[in-house]
Amino acid sequence: MATDAGIQGRVVAAHGRHYTVELADRTLRQCFTRGKKSGPTVGDLVVVLPQGSSEGVIDRILPRRNLLYRSDATRSKQFASNIDQTLIVLAPEPDFSEDLTGRALVASRSAGVQPIIILNKADLTHKLAAAHQRIGPYEGLGAAVITLSALDTEQTHRIMDPVLRGRSSLLLGQSGMGKSTLLNALVPQAHAATRAHSESLGSGRHTTTATRLYHLASGGDLIDSPGFQAFGLQHLSPPEIVYGFPEFTLAIEHCRFYNCTHQHEPGCGVLAAMARGEIQPARHELYLRILAENQAAQRY
Ligand SMILES: Nc1nc2c(ncn2[C@@H]2O[C@H](COP(=O)(O)OP(=O)(O)O)[C@@H](O)[C@H]2O)c(=O)[nH]1
Ligand SMILES: [Mg+2]
Ligand SMILES: [Zn+2]
């Protein structure tokens, strides 16, 4: 679509300060931003001022529906914007981190995005029951759980195509869970698309750590982000952190103090619910860790 001052497109890859923007006719343009404006992210709808036949300047970012990111004390990394759901890939082995899983759920919920846990490697049948037991509580926290084996391409399509159709989904996962295997099952041309992006950037440029958006043959978009070791949530305010814990919602109604931080206050509804066994201590510990990081960030 042409606007008075540029063409509209969507950011489909981000590599440092270089962005690949896809226009309505599906052609790609290598784009950059002027000045030090806060950066575009994959999923953004942007207005591009064309330069030559294959490049452009990102003039502005159209309003975002949502933005998912992680951050630490010194910087934040944007995952993607305008997404409908996160796919959190877990597996019976290697051992997955409850901490990272909990953080992915908090990030999803605070961005207003539906989290879906993909329990991959379902073919490891002897380990599946134990994995289900660990993942079970997350269903109570509003995450959908889907069990599959990404090595089985046909099964993966049968289960995932209806879930992905017409939506924009962000893949998240610790390394080793099978995120790449799942991506390759769903987007057989992923390798080729990666190569096309790299070639349009010029040879020799490292693009392996970029975030990328792929179109699915069955409809919908899948965004792959580089693996991560840490998932800081320092950008979230204390109320946003609390909102990320759905099991706190009813309990905080009973806190004696309106500004209760649910750490140690007398008459705290969250602590009372935990004492009754209604809130898992591990979840409250995760809440305390995220809150402490947020408070440390405020001191900078
Ligand atoms: N048994 C089994 N192994 C799998 C499955 N999916 C992936 N793997 C294996 O798990 C390992 C890590 O997979 P990969 O896709 O590279 O994980 P990533 O680090 O999350 O991208 C590889 O050896 C895969 O072959 C699965 O469904 N079943
Ligand atoms: Mg991988
Ligand atoms: Zn409280």
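Structural data are supplied above this passage.
Residues numbered from 1 in each chain as written. Chains lettered and ligands numbered in written order. Predicted model: local features only at pLDDT ≥ 70, side-chain atom pairs only at ≥ 80, totals over all residues. Heavy atoms only, no water.

## As for the overall build of the chain
- Looking only at helices and strands, the chain features eight helices and 14 strands.
- Burial status across the chain gives 48% buried among its 300 residues.
- Considering only contacts within the chain whose residues lie at least 6 apart along the sequence, 64% involve residues at least 24 apart.
- If you sum the accessible surface of the chain, you get close to 14,500 Å²; carbon and sulfur atoms cover 53% of it. (Helix = DSSP H or I, 4+ residues; strand = E, 2+ residues; numbered from the N terminus. Buried < 20%, exposed > 50% of the residue type's maximum accessible area, 1.4 Å probe, protein only. Contact = heavy atoms within 4.5 Å. Areas by Shrake-Rupley, 256 points an atom, 1.4 Å probe, with all protein chains shown as cover.)

## Re the coordination of the zinc ion (ligand 3)
- Distances from the zinc ion (ligand 3) to its protein donors, C255 (SG), C260 (SG), H262 (ND1) and C268 (SG), fall within 2.1 to 2.4 Å.
- Geometry at the zinc ion (ligand 3) is tetrahedral, judged from the four donor atoms that bind it and their angles of 99 to 115° at the metal. (Donors = N, O, S within 2.8 Å, 3.2 Å for Na, K, Ca; no water. Tetrahedral: all angles 85-135°; square planar, octahedral: opposite > 155°, others 65-115°.)

## Notes on the site of ligand 1
- As a structural note, the neighbourhood of ligand 1 is formed by 15 residues, with D123, G176, K179, S180 and T181 the closest of them.
- One of the side-chain nitrogen or oxygen atoms of S149 is found 2.9 Å away from an oxygen atom of ligand 1.
- Calculation on ligand 1 without its partners gives an accessible area of 580 Å², and the protein chains cover 68% of this total.
- Per-class residue counts for the shell around ligand 1 are four nonpolar, eight polar and three charged. (Near = heavy atom within 4 Å. Polar contact = N/O pair within 3.5 Å; in protein donor to acceptor, adjacent residues only side chain to side chain. Nonpolar A, V, L, I, M, F, W, Y, C, P; charged D, E, K, R; others polar.)

## A short note on the packing of aromatic side chains
- Considering all chains together, one arrives at four aromatic pairs under this definition.
- Between F245 and F248 the ring centres are 5.0 Å apart and the planes differ by 20°, which places this aromatic pair in the stacked class.
- Ring centres of F248 and Y287 lie 5.3 Å apart, and the angle between their planes is 75°; this geometry places the pair in the edge-to-face category. You can see F248 sitting in the loop between α6 (238-243) and α7 (269-275) and its partner Y287 sitting in helix α8 (residues 281-298), a full 39 residues away along the chain.
- You can call Y287 buried: its relative accessible area is 1%.
- Three or more aromatic residues link up through ring pairs in this structure, and these residues are F245, F248 and Y287. (Phe/Tyr/Trp six-rings, centres within 6.5 Å; stacked < 30°, edge-to-face > 60°.)

## Remarks on helix α1 (residues 98-110)
- The end-to-end C-alpha separation of α1 is 18 Å, in line with the 18 Å expected for 13 residues at 1.5 Å each.
- If you check which residues of α1 are buried, you get L100, T101, G102, R103, A104, L105, V106, A107 and S108.
- Next to the buried residues of α1 lie β7 (67-71), β9 (85-90), β10 (114-119), α2 (125-140), β12 (168-173) and α8.
- Near the N-terminus of α1, the side chain that reaches the backbone nitrogen of D99, with its oxygen 3.2 Å away, is that of S97.
- Phi for G112, located one or two positions after α1, is positive at around 75°. (Expected span 1.5 Å × (residues − 1).)

## Considerations on the nonpolar core
- Ranked by internal contacts, the top residues of the largest apolar core, which has 77 residues, are M160 and L222.
- Among the elements that line this core, the one with the most residues is α1, at five residues.
- What L222 contacts, discounting residues up to four positions off in sequence, is L87, L164, S169, L171, L183, L186, V187, R212, L213, Y214 and L216. (Core = buried A, V, L, I, M, F, W, Y, C linked by side-chain atoms within 4.5 Å.)

## What about the packing of helix α3 (residues 153-164) against helix α4 (residues 179-186)?
- Where α3 contacts α4, the two axes come as close as 9 Å, and the packing angle between them is 80°. The orientation of α3 relative to α4 falls into the category roughly perpendicular. Side by side, α3 and α4 meet where T153, T156, H157, M160, D161 and L164 of the first sit next to L182, A185 and L186 of the second.
- Tallied by class, residues from the contact of α3 with α4 come to five nonpolar, three polar and one charged. (Axes fitted to C-alpha atoms, helices over the stretch in contact; angles between N-to-C directions. Parallel < 35°, antiparallel > 145°, perpendicular 65-115°, else oblique.)

## Digging into the pattern of salt bridges
- Scanning the model with the defined rule gives 14 salt bridges in all.
- Salt-bridge contacts for D221 lead to R10; the nearest nitrogen and oxygen are separated by 2.7 Å. On the criterion of sequence distance, the pair formed by D221 in strand β14 (residues 221-224) and R10 in strand β2 (residues 6-15) is long-range, its members being 211 residues apart. Of the two residues, D221 and R10, both sit in the buried class.
- The salt bridge involving R289 is made with D99; its shortest N-O contact spans 2.7 Å. Of the two residues, R289 sits in helix α8 while D99 sits in helix α1, which places them 190 residues apart along the sequence.
- Judged by relative accessible area, which is 35%, R289 ranks as partly exposed. (Salt bridge = Lys/Arg side-chain N within 4 Å of Asp/Glu carboxyl O.)

## Observations concerning the pairing of β12
- Taking burial as the measure, the six residues of β12 include six buried ones, the bulk of the element.
- Across the two faces of β12 the burial is the same, with S168, L170 and L172 and S169, L171 and G173 all buried.
- Where β9 meets β12, five bridges bridge the pair, whose relative direction is parallel. Looking at β12, one finds that Q85 is bridged to S169.
- Bridge count for β12 against β14 is four bridges, and the pairing is parallel. Directly across from S168, in β14, lies its bridge partner D221. (Pairing = 2+ DSSP bridges.)

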